[in-house]
Amino acid sequence: MPFENLTVTGKQGDYWRKNLRLVGALTAIWFAATFGVIYFAEALSHVYVFGWPMHFYVAAQGSLLVYVLIIWVYARKMNALDSELERQPAISAD
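All values reported here derive from a predicted model rather than from experimental measurement.

**Thoughts on the overall build of the protein**
- The number of helices and strands found in the protein is 3 helices and 2 strands.
- Listed by position from the N terminus, the elements making up the protein come as α-α-β-β-α.
- A separation of at least 24 residues holds for 65% of the contacts in the protein among residues at least 6 apart in sequence.
- Of the accessible surface of the protein, which amounts to about 7800 Å², a share of 67% is contributed by carbon and sulfur atoms.

Listed below in structure tokens is the structure:
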């Protein structure tokens, strides 16, 4: 196999672990925002927001706001992580 000796260690390994941790957390939030409303739809149907049942309001408006927030958080965190990686001294070839 061409990649059998490929290992990610040091700064690259830290970067990759932080990236996977962030993606995992944001995916869990996405899952809760998407399928949590469906699961609790009957319970949320008795609560009204602006004249609409809560499950309809959250599915139509709230989940979209959560998706935009997920994108914003991901972009900010990855920019910070990229900046952190660039600020660290380069590995010397000695």
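Here the narrative resumes.
**As for a nonpolar patch on the surface**
- Taken together, Trp30, Phe31, Phe35 and Ile38 make up a surface patch of nonpolar side chains, about 430 Å² in accessible area.
- By the secondary structure assignment, Trp30 is in helix α1 (residues 10-39).

**Focus: the pattern of salt bridges**
- For the structure on display, the rule yields 2 salt bridges.
- A salt bridge links Asp14 to Arg17, with the nearest nitrogen and oxygen atoms 2.7 Å apart. Pair noted here: Asp14 and Arg17 are both in helix α1, with a separation of 3 residues, about one helical turn.
- A relative accessible area of 38% means that Asp14 is categorised as partly exposed.
- On the accessibility criterion, Arg17 (42% relative accessible area) is partly exposed.
- For Lys18, the salt bridge goes to Glu84, with nearest N and O atoms at 3.0 Å. You can see Lys18 sitting in helix α1 and its partner Glu84 sitting in helix α3 (residues 54-87), a full 66 residues away along the chain.
- Relative accessible area serves as the criterion here: at 31%, Glu84 is assigned to the partly exposed category.

**A look at the packing of aromatic side chains**
- Applying the stated rule across the entire model yields 3 aromatic pairs.
- Ring centres of Trp30 and Phe35 lie 6.0 Å apart, and the angle between their planes is 90°; this geometry places the pair in the edge-to-face category.
- Among the aromatic residues, ring-to-ring pairing joins Trp30, Phe31 and Phe35 into one connected group.

**Side note on the environment of Ala32**
- Mapping Ala32 onto the fold places it in helix α1.
- Classification of Ala32 as partly exposed rests on a relative accessible area of 47%.
- Distance from Ala32 to Ser63, taken between C-alpha atoms, is 9.6 Å for residues 31 residues apart in sequence.

**Considering the confidence of the model for the protein**
- Scored by pLDDT, the protein comes out at a mean of 81, with 82% of its residues at no less than 70.
- Element-level pLDDT for the protein is lowest in helix α2 (residues 41-44), with a mean of 80, against a maximum mean of 89 in α1.

The rules behind each value
- Here the residue index of a chain counts from 1 through its sequence in written order.
- Selection of residues for local features in this predicted model requires a pLDDT of at least 70, selection of side-chain atom pairs for listing and counting requires 80 or more, and totals for whole chains, interfaces and linings are taken over all residues.
- Only hydrogens and water are set aside when side-chain values are computed; all heavy atoms of the structure are taken into account.
- Helical segments are the DSSP runs of H or I of at least four residues, strand segments are the runs of E of at least two, and each set is numbered from the N terminus.
- The contact criterion used throughout is that any non-hydrogen atoms of two residues lie within 4.5 Å.
- Areas reported here follow the Shrake-Rupley algorithm with a probe of radius 1.4 Å; residue values treat only the protein chains shown as occluding.
- For patch detection, residues must exceed 30% relative accessible area and be free of salt bridges, and they are connected within 9 Å for like charges or within 5 Å for nonpolar side chains (Val, Leu, Ile, Met, Phe, Trp, Tyr).
- The term salt bridge refers to a side-chain nitrogen of Lys or Arg lying within 4 Å of a carboxyl oxygen of Asp or Glu.
- For every residue, the accessible area (1.4 Å probe, protein chains only) is compared with the maximum for its type, and the residue is labelled buried under 20%, exposed over 50%, or partly exposed between those bounds.
- The criterion for an aromatic pair is that two Phe, Tyr or Trp rings (for Trp, the six-membered ring) have centres within 6.5 Å, with stacked assigned to planes under 30 degrees apart, edge-to-face to planes over 60 apart and tilted to the rest.
- Every residue carries a pLDDT, the predictor's confidence in it, which falls somewhere between 0 and 100.

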